[in-house]
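Chain and residue survey
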Amino acid sequence: MPHADRNLAPAVDADRGVIRERASTMQDRLIVGLDVPTLKDAEKVVRELDAVVSFYKIGYQLAFAGGLDFARELASGGTRIFLDMKLLDIDNTVAKGVEAIARMGMTMLTLHAYPKAMKAAVEAARDSDLCLLGVTVLTSMDEQDVFDAGYEHDPHTLVLRRSEQALHAGMGGIVCSAEEAEAVRRIVGPNMAVVTPGIRPKGSDHGDQKRVVTPAQAIRNGSSHLVVGRPIVSAADRRAVAEAILDEMRSA
Ligand code: C5P
């Protein structure tokens, strides 16, 4: 088992063979988005957050700047990595991609919550401990953005519909706004991960996020994991901000 030493206590769903991410401490539930341009920057962030943060998200920006090897390296040292690739393609391509990512020792992987893609991914990840997350509606999108993209549903309805489809496909979790976490949790039940970006401690800059929630409220709403990028990565004292966010999560 590649991750036998991780403090995760993952559980296998006998029906679907999907491993769910089970977090035991607040530290397990804070995922820092390594949204930085270079490996040097990423290494600096990880160094500064040593022993405070143990879970990182790597997305497009870093992945295409040498971040995949870095992700492998961190994972082999026991750090958990959420690879935010938001995959979507024909079934066969999704399946082959998921198989390759599962072999890299990643903890979480995102794909857009389209039923066919999710089913192909679940099948491909069946023998691994990769937690597959369905991206419902990006937290930077509001009603107008969703309408402009050609959908007739409002974001909330679309999030709930895709959550239900993710549950039926056998996914390990959902990515959604913490505003929707409570409603999503009611649909997916207690075992699936509900991972929420768009987290902003009081007084911090919203950037392009439109549906934002504080760390404490996100926990109260049923988020299993919080993804925090700019509020920590852009801070002058990253360690202090991460510690403050963890304290706020614990207070909830
Ligand atoms: O800097 P910030 O805290 O807004 O970062 C949030 C991270 O979560 C970004 O890397 C963004 O790509 C990601 N994300 C998101 N909304 C989703 C899925 C992922 O903001 N629905």
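Everything discussed here concerns the structure shown above.
My aim in this report is to walk through the structure given alongside it, one point at a time.

What counts, and where the lines are drawn
Residues numbered from 1 in each chain as written. Predicted model: local features only at pLDDT ≥ 70, side-chain atom pairs only at ≥ 80, totals over all residues. Heavy atoms only, no water. Helix = DSSP H or I, 4+ residues; strand = E, 2+ residues; numbered from the N terminus. Buried < 20%, exposed > 50% of the residue type's maximum accessible area, 1.4 Å probe, protein only. Contact = heavy atoms within 4.5 Å. Near = heavy atom within 4 Å. Polar contact = N/O pair within 3.5 Å; in protein donor to acceptor, adjacent residues only side chain to side chain. Areas by Shrake-Rupley, 256 points an atom, 1.4 Å probe, with all protein chains shown as cover. Nonpolar A, V, L, I, M, F, W, Y, C, P; charged D, E, K, R; others polar. Arc of directions from axis to C-beta. Axes fitted to C-alpha atoms, helices over the stretch in contact; angles between N-to-C directions. Parallel < 35°, antiparallel > 145°, perpendicular 65-115°, else oblique. Left-handed = near helix turned anticlockwise from the far one by under 90°. Pairing = 2+ DSSP bridges. Right-handed = clockwise from strand over helix to strand, strands pointing away. Phe/Tyr/Trp six-rings, centres within 6.5 Å; stacked < 30°, edge-to-face > 60°.

**Looking at the environment of I187**
Structurally, I187 can be placed in helix α8 (residues 181–188). A relative accessible area of 27% places I187 in the partly exposed class. Excluding its chain neighbours within four sequence positions, the residues that come into contact with I187 are L160, S163, E164 and L167.

**Details of the site of the ligand**
Residues in contact with the ligand amount to 16 residues; listed here are only the nearest, D35, K57, T139, R200 and R230. At 2.7 Å from an oxygen atom of the ligand is found a side-chain nitrogen or oxygen belonging to D35. Within the backbone of R230, one N or O atom sits 2.7 Å away from an oxygen atom of the ligand. The protein chains hide 88% of the 470 Å² of surface that the ligand would expose on its own. Among the secondary structure elements, those contributing two or more residues to the shell around the ligand are β5 (80–87), β10 (225–228) and α10 (230–233). The residue makeup of the shell around the ligand, split by class, is seven nonpolar, three polar and six charged.

**What to know about helix α2 (residues 39–48)**
Residues A42, V45 and V46 constitute the buried set of α2. Along the long axis of α2, the arc covered by the buried residues comes to 95°, so they all point the same way. Along α2, the residues that are exposed and aim more than 90 degrees away from the buried face are K40 and R47.

**Details of the packing of helix α5 (residues 115–124) against helix α7 (residues 155–169)**
Where α5 meets α7, the axes come as close as 9 Å, and the angle between the chain directions of the two elements is 30°. The orientation of α5 relative to α7 falls into the category roughly parallel. Crossing handedness for the pair α5 and α7: right-handed. Mapping the contact onto sequence places P115, M118, K119 and V122 in α5 and R162, Q165, A166 and A169 in α7. In the contact of α5 with α7, the residues fall into five nonpolar, one polar and two charged.

**A word on the pairing of strand β9 (residues 193–196)**
Of the two faces of β9, both are covered, the one formed by A193 and V195 as well as the one formed by V194 and T196. Alignment of strand β8 (residues 173–175) against β9, held across three bridges, turns out to be parallel. Across the sheet, residue V175 finds its bridge partner in β9, namely V195. Between β8 and its parallel partner β9, the chain crosses via α8, and the hand of that crossover is right-handed. As paired elements, β9 and β10 share two bridges and run parallel to each other. When the sheet's bridge partners are listed, V195 is paired in β10 with H225.

**Quick word on the sheet that holds strand β3 (residues 30–33)**
Taken together, the eight strands give a closed barrel; going around it, the order is β3-β4-β5-β6-β7-β8-β9-β10, and neighbouring strands pair in parallel fashion. Going across the sheet, the axis of each strand differs from the next one's by a mean of 25°, ignoring polarity. Sheet strands touched by α5: β6 (108–112) and β7 (131–135). Its angle to β6, the strand with the most contacts, is close to 155°.

**Regarding unusual backbone geometry**
In this structure, A51 takes a positive phi of about 75° despite not being glycine. Unlike most non-glycine residues, K86 shows phi in positive territory, near 40°. Structurally, K86 can be placed in strand β5.

**Let's talk about the packing of aromatic side chains**
Centre distance and the angle of the planes are the two values used to describe a pair of aromatic rings. Under the counting rule described, the total for this entry stands at one aromatic pair. Ring geometry for Y60 versus F64: centroids 6.3 Å apart, planes at 35°, classification tilted. Highlighted residues: Y60 and F64, both in helix α3 (residues 60–76), separated by four residues, approximately one helical turn. Since its relative accessible area comes to 47%, Y60 is described here as partly exposed.

**Brief notes about the environment of D154**
Topologically, D154 is positioned in the loop between α6 (143–148) and α7. Taking the relative accessible area as the measure of exposure, D154 reaches 28% and is therefore partly exposed. Distance in space between the C-alpha atoms of D154 and V194 is 20 Å, their sequence separation being 40 residues. A polar side-chain atom of D154 sits 2.6 Å from a polar atom in the side chain of T157.

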